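Fold and contact review
Chain residues, written in single-letter form:
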Amino acid sequence: MDELNGKLIACQILITGLIARVANEQRDPLRFLTDFRDEIKAVVSGVNIAGMDSTDRVRAVAQKTVDELFSLMKPPSSD
């Protein structure tokens with residue numbers, strides 16, 4: 001289980017870096033990040049999760065993960 005958690009954390013860091021890199025190339029990085037976050041949250045809310053009786057907990061964890069990923073990103077530098 002620790003190995004799986006480590007891989008998930010590494011994947012989250014990789015995705016966060018990729019999103020930040022793309023955002024830095026945008027004219028308005030903060031708006032891009034806000035729009036992207038909202039799109040990801042909409043996907044999490046609407047994705048079909050099969051094989052479970054109650055998907056509320058899975059969705060809540062996924063939403064929390066999205067919030068954590070975006071909270072890791074610092075505001076754009078003034079340089």
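Look up a bit, the structure's there.
Calculation rules
- Per-chain numbering applies: the sequence of each chain, read as written, is numbered from 1 onward.
- Only residues with pLDDT of at least 70 are given local features in this predicted model, and only at 80 or more are side-chain atom pairs given and counted; all residues enter the totals for whole chains, interfaces and linings.
- Only hydrogens and water are set aside; all other atoms, that is, all heavy atoms of the structure, feed into the side-chain values.
- Axis angles are defined between N-to-C directions and span 0 to 180 degrees, where every axis is a line fitted to C-alpha atoms and, for a helix, only to the segment in contact.
- Runs of H or I in DSSP of at least four residues are treated as helices and runs of E of at least two as strands, each being numbered from the N terminus.
- Geometric relationships in this document are graded by angle, where less than 35 degrees denotes roughly parallel, more than 145 denotes roughly antiparallel, 65 to 115 denotes roughly perpendicular, and other angles denote oblique.
- Two helices crossing with the near one rotated counterclockwise from the far one by less than a right angle form a left-handed crossing, whereas a clockwise rotation gives a right-handed crossing.
- Residues count as neighbours in contact if any of their non-hydrogen atoms are within 4.5 Å of one another.
- Under the grouping applied here, Gly and all other residues not named as nonpolar or charged are polar, the nonpolar ones being Ala, Val, Leu, Ile, Met, Phe, Trp, Tyr, Cys and Pro and the charged ones Asp, Glu, Lys and Arg.
- Aromatic rings from Phe, Tyr and Trp, with only the six-membered ring used for Trp, were paired whenever their centres fell within 6.5 Å, and each pair was classed as stacked if the ring planes differed by under 30 degrees, edge-to-face if by over 60, and tilted otherwise.
- Buried, partly exposed and exposed residues are distinguished by accessible area as a fraction of the type maximum, computed with a 1.4 Å probe on protein chains only: under 20%, between the cut-offs, and over 50%, respectively.

**Details of the packing of helix 2 (residues 29-46) against helix 3 (residues 56-71)**
The interhelical angle for the contact between helix 2 and helix 3, taken along N-to-C directions, is 170°, at an axis separation of 9 Å. As far as their axial angle goes, helix 3 and helix 2 are roughly antiparallel. Crossing of helix 2 against helix 3: the hand is right-handed. On helix 3, the residues touching L33, F36, R37, I40, K41, V44, S45 and G46 of helix 2 are R59, A62, Q63, V66, D67 and F70. A breakdown of the residues in the contact of helix 2 with helix 3 according to their chemical character gives 7 nonpolar, 3 polar and 4 charged.

**Some points on the environment of V44**
For V44, the location among the structural elements is in helix 2. For the pair V44 and A60, spaced 16 residues apart in sequence, the C-alpha separation works out to 9.2 Å. Beyond its immediate stretch of four places on either side in the chain, V44 contacts R59, A62, Q63 and V66.

**A closer look at the packing of aromatic side chains**
Centre distance and the angle of the planes are the two values used to describe a pair of aromatic rings. Scanning the entire structure with this criterion turns up 1 aromatic pair. Taken together, a centroid distance of 5.8 Å and an interplanar angle of 15° make the contact between F32 and F36 stacked. With F32 and F36 both in helix 2 and 4 residues apart, the pair spans about one turn of that helix. Take F32: its relative accessible area is 22%, and that puts it in the partly exposed class. The exposure class of F36 is partly exposed, given its relative accessible area of 26%.

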